[in-house]
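Overview (structure and organization)
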Amino acid sequence: MPKAGVSVQKSKWLLGLVVATAVGSLAACGSAEEEPKAQETSASAKQEAGSDASGQGQDQSGKPNTDGIPKVVAEVNGEKITKDDFVPLYETQYQQMQMQSQQSGQQVDEKQLKTQTAENLVSTELLSQEAEKRDIKVSDKDVDKGLEESAKSSQMSKKDFLAAMKKQGMDEKKVHAELKTQLAIEGLIKDEYGEFKASGEDIGQAYQQAKTQQEQMAQQSGQQAQEVPSLEEMRPQLEEQVKSQKSTEATQKFAKKLRKQGDVTINL
């Protein structure tokens, strides 16, 4: 089975993978403190008063109430996903949804968000277990390269990137561990599906989509749409975008397959 050539993809759907989502958030805002990031908060601080009798609501810090979360949130083929694994990711996703709800006026569906968070952690564990079963290797050199790429895509130096992660409760050792998991899963997907390619048609569709999005954003803001660069200028970026999207879709598909084959119990 092929084992070589892992690289950092931005699998944003896989919210259990800290660095993947963190990089996307950092790249979008340019600062680690402007937007909460998945599973980067320190593990489970105790919640203060302010929730209702059903265990929902939030405390004075704006975090959701997590008193009712069981110590073992889920079991995946005998491996436990604990409350300490769950809470940081759930809190961060809750904060992101709160920001969105302030714009949309719709309240956060905490029950649905808890289920979604648990499912994402289950998918991550299933994929990680399969990567280990197939003996997918990730070297320290792979991790260092991934870290450099993560910092670069966030428009930060490696030092600043690690400092930003530390402020969110992740020291350098934790960042390396999460990156290693991410890269192992990417190696697994490559092992299962091979290299992803972007056809001319794929790139053309992505270009038209980018133009349409630009026009829609301009309409919403009431400003004149900025001129989109030519397809040839954007080709390298669009090619990576298409391949990343195909990788993400394949990861989702494979996680669902593993879920059907696995022994999974969620205790929420």
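In this text, all values refer to a predicted model and were calculated from it rather than measured experimentally.

1. Regarding the pairing of strand 2 (residues 79–82)
Bridge analysis of strand 1 (residues 72–76) against strand 2 gives four bridges, and the strand direction is antiparallel. Looking at strand 2, one finds that V76 is bridged to E79. Connecting strand 1 to the antiparallel partner strand 2 that follows it, the hairpin turn spans two residues, and N77 within it adopts a positive phi of roughly 50°.

2. Quick notes on a negative patch on the surface
A cluster of acidic residues, D140, D144, E148, D171 and E172, forms a negative patch on the protein surface. For the negative patch, the element with the highest residue contribution is helix 4 (residues 140–153), accounting for three residues. Residue placement: D171 occurs in the loop between helix 5 (158–167) and helix 6 (172–193).

3. Let's talk about the sheet that holds strand 2
One open sheet accounts for three strands, arranged 2-1-3; its pairing is antiparallel. This sheet does not close on itself; its edge strands, each paired only once, are strand 2 and strand 3 (264–266). When the angles between neighbouring strand axes are averaged without regard to direction, this sheet yields 20°. Looking at chain direction, strand 1 and strand 3 are connected through three bridges and run antiparallel.

What counts and what doesn't
Residues numbered from 1 in each chain as written. Predicted model: local features only at pLDDT ≥ 70, side-chain atom pairs only at ≥ 80, totals over all residues. Heavy atoms only, no water. Pairing = 2+ DSSP bridges. Helix = DSSP H or I, 4+ residues; strand = E, 2+ residues; numbered from the N terminus. Patch = residues over 30% accessible without salt bridge, like charges linked within 9 Å, V, L, I, M, F, W, Y side chains within 5 Å. Areas by Shrake-Rupley, 256 points an atom, 1.4 Å probe, with all protein chains shown as cover. Salt bridge = Lys/Arg side-chain N within 4 Å of Asp/Glu carboxyl O. Lys, Arg positive; Asp, Glu negative; His and termini not counted. Charge placed at Lys NZ, Arg CZ, Asp CG, Glu CD. Axes fitted to C-alpha atoms, helices over the stretch in contact; angles between N-to-C directions.

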